[in-house]
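# Results of the structural survey
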Amino acid sequence: DSGVTQTPKHLITATGQRVTLRCSPRSGDLSVYWYQQSLDQGLQFLIQYYNGEERAKGNILERFSAQQFPDLHSELNLSSLELGDSALYFCASSVSGTSTDTQYFGPGTRLTVL
Amino acid sequence: QKEVEQDPGPLSVPEGAIVSLNCTYSNSAFQYFMWYRQYSRKGPELLMYTYSSGNKEDGRFTAQVDKSSKYISLFIRDSQPSDSATYLCATNSNYQLIWGAGTKLIIKP
């Protein structure tokens, strides 16, 4: 168990809908990362927050947004969902958010868009 | 060209074999290299990391970096069925990790 929690485990929704994925980092970790993993794309970095502020942005679509709250938990919002958004979404956390930090991954949220 | 290339496999070997997993990278400025292991339906977990060139050993696992050829390797000795997983290499750039596609490894009993 990495200490990172993600809810929900599974999510099934329809095209055009909006969903929110939630992540709680390990105790003491200030940085949170979001990743998307699909069969044909591998692990894609979406966005990173450090202590409430956005630190780095990857291949995140404009339909997606995220934030990190004062208690350090983070939410990833996905809107106007498309079939291609079906994937595993992972949250990871690290102590200081530098690129040499070990990232600890949560169990993921499996999103299915029908 | 992707910044980190990794053959997705699958790679299937018999139990007890030595396994070699490899990645190539394009940017000679990359200095920090990691191997993550991901079991089916789980999040990746850090297995090993190396800085710059050379070897690093941890039990049955050895990570190797050859900066002259921009090649990174993970060797697994005495492979076990419990080593069956996807192995992802990664390197760092700014605040991000750049990931390989992952190689699915199957160890047959």
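Now for a description of the structure that goes with this document. Note that the structure is a prediction, hence the values are computed from the model and not measured.

### Re the overall build of chain A
When helices and strands are tallied, chain A shows zero helices and 11 strands. When the helices and strands of chain A are listed from N to C terminus, the series reads β-β-β-β-β-β-β-β-β-β-β. For chain A, the C-alpha radius of gyration of 13 Å lies close to 13 Å, the compact-globule estimate for 114 residues. Projecting the C-alpha coordinates of chain A onto the three principal axes gives extents of approximately 35 × 30 × 25 Å. In chain A, which comprises 114 residues, the share counted as buried stands at 51%. The contacts of chain A with a sequence gap of at least 6 include a subset with a gap of at least 24, amounting to 56%.

### Concerning the interface of chain A and chain B
Taken together, the contacts link 21 residues of chain A with 15 residues of chain B. Counting the surface lost from both chain A and chain B, the interface buries some 1500 Å², and carbon and sulfur atoms represent 56% of this. Taken together, the links from chain A to chain B amount to zero salt bridges. Across the contact surface, chain A and chain B share five residue pairs in polar contact (both at pLDDT 80 or more). Of all the secondary structure elements, the ones that give two or more residues to the side of chain A that touches chain B are strand E4 (31-38), strand E5 (42-50) and strand E6 (53-57) of chain A.

### Section: the state of the cysteines
Applying the stated criterion across every chain, the model contains two disulfides over all chains. Here Cys 23 of chain A pairs with Cys 91 of chain A through a disulfide, and the sulfurs are 1.8 Å apart. A torsion of -50 degrees about the S-S bond marks the disulfide between Cys 23 of chain A and Cys 91 of chain A as left-handed. Residue Cys 23 of chain A is located in strand E3 (residues 19-24), and its partner Cys 91 of chain A is located in strand E9 (residues 87-94); the two are separated by 68 residues in the primary sequence. The buried category is assigned to Cys 91 of chain A, whose relative accessible area is 0%. Each sulfur in the disulfide pair Cys 23 of chain B and Cys 89 of chain B lies 1.9 Å from the other. Of note, the bridge from Cys 23 of chain B to Cys 89 of chain B carries an S-S torsion of about -105 degrees and is left-handed in sense. Here Cys 89 of chain B lies in strand E9 (residues 85-93) and Cys 23 of chain B lies in strand E3 (residues 19-25), a separation of 66 residues in the sequence. Of the two residues, Cys 23 of chain B and Cys 89 of chain B, neither departs from the other in class, the shared state being buried.

### So, the environment of Lys 57 of chain A
Positionally, Lys 57 of chain A belongs in strand E6. Sequence-wise, Lys 57 of chain A and Trp 34 of chain A are 23 residues apart; in three dimensions their C-alpha atoms are separated by 9.7 Å.

### Considerations on the sheet that holds strand E8 (residues 71-76) of chain B
All names here are of chain B. Reading across the sheet, the five strands line up as E1-E3-E8-E7-E6 and stay open at both edges, with antiparallel pairing between neighbours. Each edge of the sheet is formed by a strand with only one pairing partner; in this case those strands are strand E1 (4-5) and strand E6 (54-58). Here E6 runs beside strand E7 (residues 61-66); their pairing, made up of five bridges, is antiparallel. Opposite Lys 56, over in E7, you have Ala 63 as the bridge partner.

Reading the values: rules and limits
- Residues numbered from 1 in each chain as written.
- Chains lettered and ligands numbered in written order.
- Predicted model: local features only at pLDDT ≥ 70, side-chain atom pairs only at ≥ 80, totals over all residues.
- Heavy atoms only, no water.
- Helix = DSSP H or I, 4+ residues; strand = E, 2+ residues; numbered from the N terminus.
- Rg over C-alpha atoms; globule rule 2.2 N^0.38 Å.
- Buried < 20%, exposed > 50% of the residue type's maximum accessible area, 1.4 Å probe, protein only.
- Contact = heavy atoms within 4.5 Å.
- Buried area = accessible area lost by both parts, 1.4 Å probe.
- Salt bridge = Lys/Arg side-chain N within 4 Å of Asp/Glu carboxyl O.
- Polar contact = N/O pair within 3.5 Å; in protein donor to acceptor, adjacent residues only side chain to side chain.
- Disulfide = S-S within 2.5 Å.
- Pairing = 2+ DSSP bridges.

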